Structure formats: structure tokens, C-alpha cells
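Structure at a glance
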Amino acid sequence: RYYLFCTGRGIAVWSSADMKSWKREKQVFEEAPPWAVAAVPGFKNHIWAPDISYWNGQYYLYYSISAFGKNTSAIGLVVNKTLNPQSPDYKWLDKGKVIQSYPGITNWNAIDPNLITDKKNNPYLSFGSFWDGLKLVKLSKDRLKVLGDTINLQTIASRKTNPNQQANPPAVDNNPPDAGGNAIEAPFIFKKNDYYYLFASIDYCCKGSNSTYKMIVGRSRNVTGPYLDKEGRDMKTAGGTLL
């Protein structure tokens with residue numbers, strides 16, 4: 001079967017035999033993880049942007065919690081031996097927080113995680129929304145924690161033409177406070193042949209016919225970048241080919 005994990009209460013889960021007809025399965029979390037309630041005041045178990053991967057006999061599901069419009073956010077991890085709810089081995093085990101962002105401390109937002117491994121099978125996690133753009137961190141071999149600095153992180157994509165300056169906030173009503181108008185989010189890195197391809201969403205969703213949401217892409221020979229578009233522009237400084 002095919003399984004789909006999506007934003008929703010407790011992480012929504014759907015399954016299908018043909019990717020046409022879908023059956024709703026039991027959500028991952030019946031109740032909000034205690035660590036998440038402590039990390040984000042008022043958190044009500046509405047979880048964003050899960051990312052599923054398989055390694056070493058287990059499925060790894062990274063997920064986002066956040067206070068909407070703020071970078072009071074965190075990425076957590078839950079694992080399972082199987083995705084089949086009928087299996088006796090089916091049990092989600094929460095591994096807790098992987099990384100957290102804090103208003104006034106981190107100029108990035110810990111949401112929209114995506115796992116990628118390099119040519120030596122080292123795990124990396126990309127994530128981010130607004131603020132200082134999309135980030136990339138190296139994970140421990142067991143994929144449970146971030147290695148190194150957890151405050152000043154590498155930027156792999158941004159809409160700022162100069163990484164040392166704030167972008168000009170556009171005149172829209174859903175620009176997150178203190179985010180600097182840097183409308184980029186949802187990184188996804190995909191390896192094909194000799195290149196890593198970085199996909200991202202830019203501009204504004206959720207405004208009906210006034211929405212300006214787009215997807216862009218660039219590529220690099222190294223998982224850590226730089227990711228360049230068709231014209232050779234670095235995605236770190238507002239590059240990116242429209243997809």
C-alpha cells in the first residue's frame with residue numbers, strides 16, 4: 001500500500017492500493033506530545049508538514065509544531081517499524097524534539113522538515129519558512145539530533161539579494177511579524193544522478209485569487225550547496241528557476 005502523511009490534527013494519515021482511492025487511517029498522535037505542549041504554549045495537536053523516510057528497519061517521520069505567524073516552532077521525530085496499522089509491530093514511538101526556533105534568538109523558523117542523505121549516507125535535515133530563509137543541518141548517525149551549532153545555521157535558499165540585509169516586507173496582511181518579508185518555505189531536496197535538486201515554495205499562499213505561490217528549483221553537486229538555478233544564480237541570494 002501507499003501511505004500519505006499530511007498536516008492535520010495529530011498528523012493525518014491516508015492509505016491507498018492504487019493512489020486513486022484513499023482510506024483515512026488513524027492519526028499518528030491521539031493526544032499532543034507532552035514536549036510539544038511545553039515548547040509551544042497553547043499547542044492543540046495540529047501538526048504541520050510531516051516528512052517520511054525509511055532507514056535501518058524503521059520509518060522516520062519528522063513533523064512541525066508552531067505558533068502561527070511566529071517562529072515559536074520546533075521539529076519533532078516519531079518512528080515506527082511498519083506503516084501497516086494491522087501489523088502487530090505497528091506502534092508510533094515519539095523521539096521528541098530535534099530542533100527548536102525561538103523569537104528574538106534564532107532568525108529562522110523550525111518548520112517544514114525534509115530529510116536527505118549525502119553520498120556517504122550522512123543524514124541532513126533541511127527546513128525553514130520566512131525569516132532568514134531555508135536552513136540545512138547535519139544530523140547524528142541515528143538521525144535523532146542535530147550536530148554542532150543549533151543557533152547560527154547555514155542558509156541554503158533565501159529571497160534576499162544580500163544575505164546581510166533584511167528583505168523589504170511586501171504589503172500583504174499575512175507576512176509573519178519580524179520575518180522581514182523573506183517569503184520562502186518548504187524545502188525538499190531530491191538526489192538524481194550527480195546532482196542534488198532543491199525545491200522550495202516562494203511568495204504567498206492562502207489568499208484565494210490573490211495568491212502568488214510558486215515553486216522554484218536549483219541544483220548542486222554537494223548536498224550542502226551552493227544550489228544554482230539555470231542562469232547560475234545562487235538560491236541563497238534570491239536565485240531559483242521557476243518550476
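Residues numbered from 1 in each chain as written. Predicted model: local features only at pLDDT ≥ 70, side-chain atom pairs only at ≥ 80, totals over all residues. Heavy atoms only, no water.

Considering the overall build of the protein chain
Helix and strand counts for the protein chain come out as one helix and 16 strands. Taken over the C-alpha trace, the protein chain has a radius of gyration of 18 Å; the compact-globule value for 243 residues is 18 Å, and the two agree within 12%. Over its C-alpha atoms, taken along the principal directions, the protein chain stretches across nearly 55 × 45 × 40 Å. Counting all 243 residues of the protein chain, 49% fall into the buried class. Pairs at least 24 apart in sequence give 46% of the contacts found in the protein chain among residues at least 6 apart. Side-chain charges of the protein chain comprise 30 positive and 20 negative groups, with the mean position of each set lying 3 Å from the other. (Helix = DSSP H or I, 4+ residues; strand = E, 2+ residues; numbered from the N terminus. Rg over C-alpha atoms; globule rule 2.2 N^0.38 Å. Buried < 20%, exposed > 50% of the residue type's maximum accessible area, 1.4 Å probe, protein only. Contact = heavy atoms within 4.5 Å. Lys, Arg positive; Asp, Glu negative; His and termini not counted. Charge placed at Lys NZ, Arg CZ, Asp CG, Glu CD.)

Section: the nonpolar core
Membership of the largest hydrophobic core comes to 18 residues, with the highest contact counts inside it found for F5, I11, V28, Y63 and I65. Among the secondary structure elements, those contributing two or more residues to this core are α1 (34-39), β6 (58-66) and β7 (73-80). I11 has contacts with F5, C6, Q27, V28, F29, I47, P50, L61 and Y63, leaving out every residue within four places of it along the chain. (Core = buried A, V, L, I, M, F, W, Y, C linked by side-chain atoms within 4.5 Å.)

Examining the state of the cysteines
Tallied over the full model, the rule gives one disulfide. One disulfide in the model links C205 with C206; its S-S distance is 2.3 Å. For the disulfide bridge between C205 and C206, the dihedral angle about the S-S bond is near -75°, and by the sign convention the bridge is left-handed. Take C206: its relative accessible area is 70%, and that puts it in the exposed class. Between C6, a free cysteine, and C206, which holds the nearest cysteine sulfur, the sulfur-to-sulfur gap is 15 Å. Among the residues examined, C6 registers a relative accessible area of 25% and is labelled partly exposed. (Disulfide = S-S within 2.5 Å.)

Quick notes on the confidence of the model for the protein chain
Scored by pLDDT, the protein chain comes out at a mean of 92, with 93% of its residues at no less than 70. Predicted confidence for residues 167-174 stays below pLDDT 50, and this span has 16 contacts to residues more than four positions away or in other chains. (pLDDT = per-residue confidence, 0-100.)

Quick word on the pairing of strand β9 (residues 114-117)
Inspection of the sheet shows β9 paired to strand β10 (residues 123-127) by four bridges, in the antiparallel sense. Bridge pairing in β10 places N114 opposite S126. (Pairing = 2+ DSSP bridges.)

Considerations on the sheet that holds β6
Overall, antiparallel pairing links the five strands, which are arranged β2-β5-β6-β7-β8 in an open sheet. With partners counted over all chains shown, the strands left at the sheet margins are β2 (8-9) and β8 (93-101), one partner each.

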